[in-house]
Amino acid sequence: MVKMKACPDCDLLLEVGHLREGERALCPRCDAVLVRGGRSIDAMFALTVSGLILWLASLILPVLVIDFNGTQQALSLWQTAFAMLDQDEWLLALLVAMTTIVAPLIYLGAMLWLLLPLRFGRVPVLVGWVFRLFYANQGWVMLEVFFLSLLVTAVKLTDMAQLLPDWSLLAFIAFMLVMSAMRLLFDADVYWRAVHQCR
Amino acid sequence: MSITALSQGLVACEHCSQLNYVHTDDVVACGRCGSAVQRRSLPRLGRVWALLFSAVVLYIPANLLPVMTVVSLGKESSNTLIGGVVHFVQTDAWLLALVVFVASILVPLLKMLVLSSLLFSVHFRWCARLRDKTRLYRLVEFIGKWSMVDIFVIALLVALVQFGEFASVQVGAGSLSFAAVVLLTLWATADFDMRWLWDVCEEKEGDANV
């Protein structure tokens, strides 16, 4: 199946053939990724459900535990965002909460809204609106950046306190990986083809 | 001359990439997802310039003001962005010094430089090395959010280091400016449309052939 596509970066009009999973089509003029052979609706749905469970786990479980002269301090995502509020830095608190908690939840919620009805052969209500919300929200998810910050903080604290290993950090790492996988594997064309079949 | 979507009266939806026929200058709804789709006419550089300029102005207090203050046993020490890098260098944590230097100093500077050179390119129709300029734009798009590392580190330290008079960390005025720089450059990058430059250069090439 051949489909016309415009390059998102240089607007070159191109014919793109069918891609298999894991394949990419690049623009011959500027090297932009035109299409990625994405996963099926079922695979995306499975990732969404795991994502939602891991979101809850990484929200409550501590991401860092330290020992300072015998006093132990555990920190969850939730507490990280709220600590700024105690110092009246509500703009920064909002920014941290948005990028690590709220945006990932909107991402997963929109995904669930878009995918669940399709499994029952129905077109989601407000499908275009939720799809646009999904795309507008996508750039606000900054879990990988937060993970790098965790590592930097851990090293920064070594001369002040002792870092305690904690398995619950794995929940956050899994959450981050699931979210990255979803961003790479979601293909708008695959999605809209599925919607078209339901209409 | 290459065939672009625009030259065929087609406009790609920025959300779902569906091609739509747009004959007039009206805004139409994408046939697939309903997003607003409009012909690109003249590049709208003003908005991007405004965002970029605000970022450049705020970059100054972001670097001069302390981003956090560590209070330990009554002693206060303020840290600026560059101070954080110097601290890691002094304690021989080279890899970390590099990470923090790239995220908090290099990335914002690079973003502002690349974006302004792209804006100038569109304005003055500098059409050399279009492919490389497009690559640079994609690089800036990709690295944009990594500057947030500093903000997250401060948030984590503030939340973790609360041991009364033994040690505590306070947010400094510089961190809000820095967060604003990161957000403004992210928005400027998102607002800039790489196709503007390709359009302008197609036009220039067309003029030369007449």
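Residues numbered from 1 in each chain as written. Chains lettered and ligands numbered in written order. Predicted model: local features only at pLDDT ≥ 70, side-chain atom pairs only at ≥ 80, totals over all residues. Heavy atoms only, no water.

1. Remarks on the interface of chain A and chain B
Argument step 1. The partner chain B presents 61 residues to the 58 residues of chain A that form the contact.
Argument step 2. Between chain A and chain B lies a buried interface of about 5,400 Å² when both sides are counted; carbon and sulfur atoms form 71% of it.
Argument step 3. Summed over the three residues of chain A that lose the most area to chain B, namely D9, D11 and R29 of chain A, the buried surface amounts to 12% of that side.
Argument step 4. Our count for the chain A to chain B interface comes out at six salt bridges.
Argument step 5. Residue R29 of chain A pairs with E202 of chain B through a salt bridge whose shortest N-O separation is 3.0 Å.
Argument step 6. At the boundary of chain A with chain B, the tally comes to 20 residue pairs in polar contact (both at pLDDT 80 or more). (Contact = heavy atoms within 4.5 Å. Buried area = accessible area lost by both parts, 1.4 Å probe. Salt bridge = Lys/Arg side-chain N within 4 Å of Asp/Glu carboxyl O. Polar contact = N/O pair within 3.5 Å; in protein donor to acceptor, adjacent residues only side chain to side chain.)

2. Remarks on the state of the cysteines
All names here are of chain B.
Argument step 1. For the structure on display, the rule yields one disulfide over all chains.
Argument step 2. Each sulfur in the disulfide pair C127 and C201 lies 2.0 Å from the other. Its S-S torsion of about -95 degrees marks the bond between C127 and C201 as left-handed, since a negative value means left-handed. Residue C127 is located in the loop between α3 (94–124) and α4 (130–143), and its partner C201 is located in helix α7 (residues 195–209); the two are separated by 74 residues in the primary sequence. (Disulfide = S-S within 2.5 Å. Helix = DSSP H or I, 4+ residues; strand = E, 2+ residues; numbered from the N terminus.)

3. Quick word on the pattern of salt bridges
Residue and element names in this part refer to chain B.
Argument step 1. By the definition in use, this model includes 15 salt bridges over all chains.
Argument step 2. A salt bridge links D191 to R47; the nearest nitrogen and oxygen atoms lie 2.4 Å apart. Taken together, the residues span a long stretch of sequence, with D191 in helix α6 (residues 173–191) and R47 in helix α1 (residues 45–64) at a distance of 144 residues.
Argument step 3. The class of D191 is partly exposed, set by a relative accessible area of 27%.
Argument step 4. In this structure, D132 engages R135 in a salt bridge whose closest nitrogen and oxygen atoms are separated by 3.1 Å. Of this pair, D132 and R135 both sit in helix α4, separated by three residues, roughly a single helical turn. (Buried < 20%, exposed > 50% of the residue type's maximum accessible area, 1.4 Å probe, protein only.)

4. Concerning the sheet that holds strand β7 (residues 162–163) of chain B
Residue and element names in this part refer to chain B.
Argument step 1. Taken in spatial order, the four strands make up an open sheet running β6-β5-β8-β7, and their pairing is antiparallel. A strand with exactly one partner marks an edge of an open sheet, and here the two such strands are β6 (75–79) and β7.
Argument step 2. Note that strand β5 (residues 68–72) and strand β8 (residues 167–171) share five bridges and pair antiparallel. Bridge pairing in β8 links S72 to A167. (Pairing = 2+ DSSP bridges.)

5. Side note on the domain arrangement of chain B
Residues and elements named next belong to chain B.
Argument step 1. The assigned domain composition of chain B is domain 1 (1–41) and domain 2 (42–209).
Argument step 2. Taking only C-alpha atoms, the centre of domain 1 and the centre of domain 2 are 32 Å apart.
Argument step 3. Each partner contributes residues to the interface: domain 1 has seven residues there, and domain 2 has nine residues.
Argument step 4. Both faces considered, domain 1 and domain 2 share a buried interface measuring about 730 Å² in area, 41% of it formed by carbon and sulfur atoms.
Argument step 5. Summed over the shared surface of domain 1 and domain 2, the result is zero salt bridges.
Argument step 6. Summed over the shared surface of domain 1 and domain 2, the result is zero residue pairs in polar contact (both at pLDDT 80 or more).
Argument step 7. Residue composition of the side of domain 1 that touches domain 2, by class: three nonpolar, three polar and one charged. (Domains from an automatic or database assignment. Nonpolar A, V, L, I, M, F, W, Y, C, P; charged D, E, K, R; others polar.)

6. Here we look at the packing of helix α3 (residues 90–119) of chain A against helix α7 (residues 188–198) of chain A
Residues and elements named next belong to chain A.
Argument step 1. Here α3 crosses α7 at 40 degrees, and the two axes come no closer than 10 Å. Classed by the angle they form, the pair α3 and α7 counts as oblique. Considering only the axes of α3 and α7, their crossing is left-handed. Contacts between α3 and α7 involve L114, L115 and L118 from the former and Y191, A194, V195 and C198 from the latter.
Argument step 2. Class assignment of the residues belonging to the contact of α3 with α7 gives a composition of seven nonpolar, no polar and no charged. (Axes fitted to C-alpha atoms, helices over the stretch in contact; angles between N-to-C directions. Parallel < 35°, antiparallel > 145°, perpendicular 65-115°, else oblique. Left-handed = near helix turned anticlockwise from the far one by under 90°.)

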